[in-house]
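Fold and geometry: a report
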Amino acid sequence: MPDEDVNRHFVEAHLAGENITFVSVFLRWDKQISTREFEVPPDRAISRDEADRAMMSAASREAARSPDWWRQIGAVAVRDGKILLAGFNRPVPSKDYTLGPFGDPRSNFDAGEHFELAKTIHAEAAVIAEAARQGASLAGASLYVTTFPCPVCAKSIAAAGISRVYYAKGYSLLDAEDVLRAYGVEIVMVK
């Protein structure tokens, strides 16, 4: 079977005890590939600080609220050690929105292609949009996100004036790093 998380779950649930061989084949989704950070720059800041880990735990709790069965991502905007806003990825117009028989349009493309075509709002975008709705500035705030931002979210993060992005898991597209660095956004991996 292809070595991906859905097949491994299927084997555990329905084929326990069977002699199954997993092969490395990329299908339409491979969580192991898409969440791995392919290249960690040598100058990457890494935090093991308890306060950063606590904020990342808050982002993880938000991620658990996501109804997305492929990838749950959570984010919290923080200033002076206090959470300002929190969000998670979800389908729009509501988290109860059903994607239909063909799923999300992203399912029809390879990793890294047309990541902007989705029926979901990303966790980072949800936090930034909520701040705009409330008239709250995120300038100088930090954003803790469970997975490194995509390039589209990186643009929103930079435009919102967020000064630091903390993340726990990598992402297969690191184009966002160029955007964040160009705007002087500090990038920190939390372990």
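Check the entry above for the structure.
None of these values were measured; they are calculated from a predicted model.

1. What about the overall build of the chain?
If you tally the helices and strands in the chain, you get 6 helices and 8 strands. Counting from the amino terminus, helix and strand elements in the chain follow one another as α-α-β-α-β-β-β-β-α-β-α-β-α-β. About 10,500 Å² of surface is accessible on the chain, with carbon and sulfur atoms providing 52% of the total.

2. Here's the deal with unusual backbone geometry
In this structure, aspartate 80 takes a positive phi of about 55° despite not being glycine. With respect to the helices and strands, the residue aspartate 80 is situated in the loop between strand S2 (74-79) and strand S3 (82-88).

3. A closer look at the packing of aromatic side chains
Evaluated as defined, the whole model comprises 2 aromatic pairs. Pairing tyrosine 144 with tyrosine 166 gives two aromatic rings, centres 4.2 Å apart and planes at 5°, and the pair type is stacked. Pair noted here: tyrosine 144 is in strand S6 (residues 142-147) and tyrosine 166 is in strand S7 (residues 164-169), with a separation of 22 residues, a long-range link. We classify tyrosine 144 as buried; its relative accessible area is 5%. Where phenylalanine 148 meets tyrosine 167, the ring centres are 4.9 Å apart and the plane angle is 85°; that geometry is what we call edge-to-face. Here tyrosine 167 lies in strand S7 and phenylalanine 148 lies in the loop between S6 and helix H5 (151-160), a separation of 19 residues in the sequence. Residue classification places tyrosine 167 among the buried positions, given a relative accessible area of 0%. Note that arginine 8 overlies the ring of phenylalanine 22, its terminal NZ or CZ placed 4.0 Å from the centroid. One residue, arginine 90, lies across the ring of phenylalanine 88, its end atom 5.5 Å from the ring centre.

4. Some words on the nonpolar core
Residues Val127, Leu138, Leu143, Phe148, Ile157 and Leu180 are the most contacted members of the largest nonpolar core, which totals 28 residues. Residue assignment for this core shows that the elements contributing at least two residues are S2, helix H4 (123-134), S6, H5, S7, helix H6 (175-182) and strand S8 (186-190).

5. Side note on the pattern of salt bridges
Taken as a whole, this structure holds 5 salt bridges when the rule is applied. Here glutamate 177 makes a salt bridge to arginine 181, at a shortest N to O gap of 2.9 Å. Here glutamate 177 pairs with arginine 181, and both are found in helix H6, just 4 residues apart, close to one helical turn. Note on arginine 181: relative accessible area 39%, which makes it partly exposed. Each of Arg44, Glu177 and Arg181 takes part in one network of salt bridges that share partners.

6. As for the sheet that holds S7
Sheets are built from strands that pair by backbone hydrogen bonding, the pairs being arranged parallel or antiparallel. The 6 strands are arranged S1-S8-S7-S6-S2-S3 in an open sheet whose pairing can be described as mixed. Each having just a single partner strand, strand S1 (45-47) and S3 make up the two edges of the open sheet. Shown here is a sheet whose adjacent strand axes are inclined to one another by a mean of 25°, direction ignored.

7. Focus on the state of the cysteines
Under the defined criterion, the tally for this structure stands at 0 disulfides. Distance from the sulfur of cysteine 150, which forms no disulfide, to the nearest cysteine sulfur (cysteine 153) is 3.8 Å. You can call cysteine 150 buried: its relative accessible area is 3%.

8. Observations regarding the packing of H5 against H6
Direction vectors running N to C along H5 and H6 enclose 10°, while the axes themselves pass 8 Å from each other. Taken together, the axes of H5 and H6 lie roughly parallel to each other. Only Asp175, Ala176, Val179 and Leu180 of H6 make contact with H5, whose side of the interface consists of Pro151, Ala154, Lys155, Ile157 and Ala158. Here the contact of H5 with H6 is composed, by residue class, of 7 nonpolar, no polar and 2 charged.

9. Some words on the side chain of glutamate 62
Mapped onto the fold, glutamate 62 is located in helix H3 (residues 50-63). Leave out the neighbours within four places in its chain, and glutamate 62 touches Gly74, Ala75, Val76, Ala86, Gly87 and Phe88.

Calculation criteria
- Residues numbered from 1 in each chain as written.
- Predicted model: local features only at pLDDT ≥ 70, side-chain atom pairs only at ≥ 80, totals over all residues.
- Heavy atoms only, no water.
- Helix = DSSP H or I, 4+ residues; strand = E, 2+ residues; numbered from the N terminus.
- Areas by Shrake-Rupley, 256 points an atom, 1.4 Å probe, with all protein chains shown as cover.
- Phe/Tyr/Trp six-rings, centres within 6.5 Å; stacked < 30°, edge-to-face > 60°.
- Buried < 20%, exposed > 50% of the residue type's maximum accessible area, 1.4 Å probe, protein only.
- Lys NZ or Arg CZ within 6 Å of the ring centre and 35° of its normal.
- Core = buried A, V, L, I, M, F, W, Y, C linked by side-chain atoms within 4.5 Å.
- Salt bridge = Lys/Arg side-chain N within 4 Å of Asp/Glu carboxyl O.
- Pairing = 2+ DSSP bridges.
- Axes fitted to C-alpha atoms, helices over the stretch in contact; angles between N-to-C directions.
- Disulfide = S-S within 2.5 Å.
- Parallel < 35°, antiparallel > 145°, perpendicular 65-115°, else oblique.
- Contact = heavy atoms within 4.5 Å.
- Nonpolar A, V, L, I, M, F, W, Y, C, P; charged D, E, K, R; others polar.

In short, shape yes, function no, at least from these values alone.
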